[in-house]
Amino acid sequence: MMYRTGIGYDVHQFAENRPLILGGVEIEHSHGLAGHSDADVLSHAIADSLLGAMGLPDIGHYFPPTDDSIEGISSLKILEKCRELADERGAVIQNVDSSMIAEAPKVLPHAEAMKEKIAAALGVTTGQIGIKATTNETMGFVGRHEGIAALASAMIYVPD
Ligand SMILES: [Zn+2]
């Protein structure tokens, strides 16, 4: 038996007139995030951590920004694709941990709702999903409220 880990990082810029979607949950805020899909930075970081754990190319390979058919798609679909790729390999997702870095809005009150969406997309329990959040102490692009960054790590079990 073999356990493998992966990491993911993503960042999206704030944009006007866009809904803010994080972990599949719409959150009330003055700005949303810019992006080809729904710009769910948390789901993207988690997807990359899972793809990395499987030794696969990153999210842009499976969902290229040049593909018009995926414009505005829910990033939960991207997580479902990761689950599909795992299933094809007999890989079992053990856990995913993540952190969002944003000055605003407060995202932790929505963590449980996000866990439910992410867990459902990945076919795991909410106890297998970690969601944390911090600010950037007003420094840098996150500190200037220019966008939100997210980090994730995943562990999967792959049979021989
Ligand atoms: Zn992204």
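As a convention, each chain's residues are numbered from 1 in the sequence order in which they are written. Where local features are concerned, this predicted model is filtered to residues with pLDDT of at least 70; where side-chain atom pairs are given and counted, the filter is 80 or more; whole-chain, interface and lining totals use all residues. The side-chain quantities take in all heavy atoms of the structure and omit both hydrogens and water.

The next thing to look at is the layout of surface pockets. Taken as a whole, the largest pocket holds about 260 Å³ of empty space. Put simply, the grid is 1 Å and covers the protein atoms alone, a cavity is a trapped set of points that fit a 1.4 Å probe, a pocket is an open set with protein on both sides within 12 Å along at least five of seven lines, and lining residues have an atom within 4 Å of a point. Taken together, 16 residues make up the lining of the largest pocket; nearest its centre are H12, S37, H44, I59 and F63. Those elements that place two or more of their residues in the lining of the largest pocket are β1 (2-15), α1 (41-53) and α2 (59-62). Per element, the largest residue contribution to the lining of the largest pocket is three residues, and it comes from β1. Taken together, the residues of the lining of the largest pocket sort by class into seven nonpolar, six polar and three charged. Grid points are joined across faces, edges and corners, and a volume is the space filled by probe spheres set on the points. A run of H or I in DSSP becomes a helix once it reaches four residues, and a run of E becomes a strand once it reaches two; helices and strands are each numbered from the N terminus. Residue classes follow a fixed rule: Ala, Val, Leu, Ile, Met, Phe, Trp, Tyr, Cys and Pro count as nonpolar, while Asp, Glu, Lys and Arg count as charged, and any other residue, Gly among them, counts as polar.

Basic side-chain nitrogens of Lys or Arg form a salt bridge, by our definition, when they fall within 4 Å of a carboxyl oxygen of Asp or Glu. On inspection of all chains with the given rule, the structure shows five salt bridges. Put simply, E88 and R89 hold a salt bridge, and the shortest N to O gap is 3.7 Å. Of the residues examined, E88 reaches a relative accessible area of 57% and is grouped as exposed. Between buried and exposed lies partly exposed: a residue is buried under 20% and exposed over 50% of the maximum accessible area for its type, with that area taken using a 1.4 Å probe on protein chains only. Among the residues examined, R89 registers a relative accessible area of 36% and is labelled partly exposed. Close ionic contact of E112 with K115 constitutes a salt bridge, the shortest N to O distance being 3.6 Å. Placement of both E112 and K115 in helix α4 (residues 111-122) is noted, with a separation of three residues, approximately one turn of the helix.

Looking at the element boundaries, D40 is found in the loop between β4 (32-33) and α1. We count Lys and Arg on the positive side and Asp and Glu on the negative side, and we leave His and both chain ends out. K117 is the oppositely charged side chain nearest to the buried, salt-bridge-free D40, at an N-O distance of 9.7 Å. Definition of a polar contact: a pair of N or O atoms within 3.5 Å, with one able to donate and the other able to accept a hydrogen when the atoms are protein atoms, and with sequence-neighbouring residues admitted only if both atoms are side-chain atoms. Separated by 2.9 Å, the side chain of D40 and the backbone nitrogen of G23 make a polar contact. Side-chain polar atoms of D40 contact the backbone nitrogen of G24, separated by 2.8 Å.

Protein ligation of the zinc ion involves D10 (OD), H12 (NE2) and H44 (ND1), the donor distances falling in the range 2.0 Å. Sodium, potassium and calcium take a 3.2 Å donor cutoff, other metals 2.8 Å, and in both cases only N, O and S atoms count; water is not among them, so sites may look incomplete. Along the chain, the residues donating to the zinc ion fall in the pattern D-x1-H-x31-H. Residue H12 is located in strand β1, and its partner H44 is located in helix α1; the two are separated by 32 residues in the primary sequence. Neither H12 nor H44 differs from the other in exposure class; each is buried.

A few words now on the nonpolar core. Nine residue types can take part in a nonpolar core, namely buried Ala, Val, Leu, Ile, Met, Phe, Trp, Tyr and Cys, and a core is a set of them joined through side-chain atoms within 4.5 Å. Counting 48 residues, the largest nonpolar core has L22, I46, L50, M114, I118 and L122 as the members making the most contacts within it. When residues of this core are traced back to their parent elements, those giving at least two are β2 (20-22), β3 (25-27), α1, α3 (76-89), β5 (92-101), α4 and β7 (147-158). Top contributing element to this core by residue count: α1, with eight residues. Between two residues, a contact is recorded if the distance between any of their heavy atoms is within 4.5 Å. With residues near it in sequence (within four places) discarded, M114 still touches L22, G23, V25, I27, L42, M100, V107 and I131.

If you check UniProt for "site: Transition state stabilizer" (unreviewed entry), the listed places come out as H36 and T135 in our numbering. The largest pairwise C-alpha distance within this set of annotated residues, which runs over 100 residues, is 25.1 Å, so the set is dispersed in three dimensions. As for the annotated residues named above, the ones lining the largest pocket are H36. Mapped onto the elements, H36 comes out in the loop between β4 and α1. Taking relative accessible area as the criterion, H36 reaches 23% and is therefore assigned partly exposed. Sequence-distant contacts of H36, that is, excluding residues within four places in its chain, are made with P64, P65, D67, D68, I70, E71 and G72. Among the secondary structure elements, T135 is positioned in the loop between β6 (132-134) and α5 (140-143). When neighbours within four sequence positions are excluded, T135 is seen to be in contact with I101, A102 and E103. UniProt positions are given in the numbering used here, feature names are shortened, and annotations may be inferred rather than shown by experiment.

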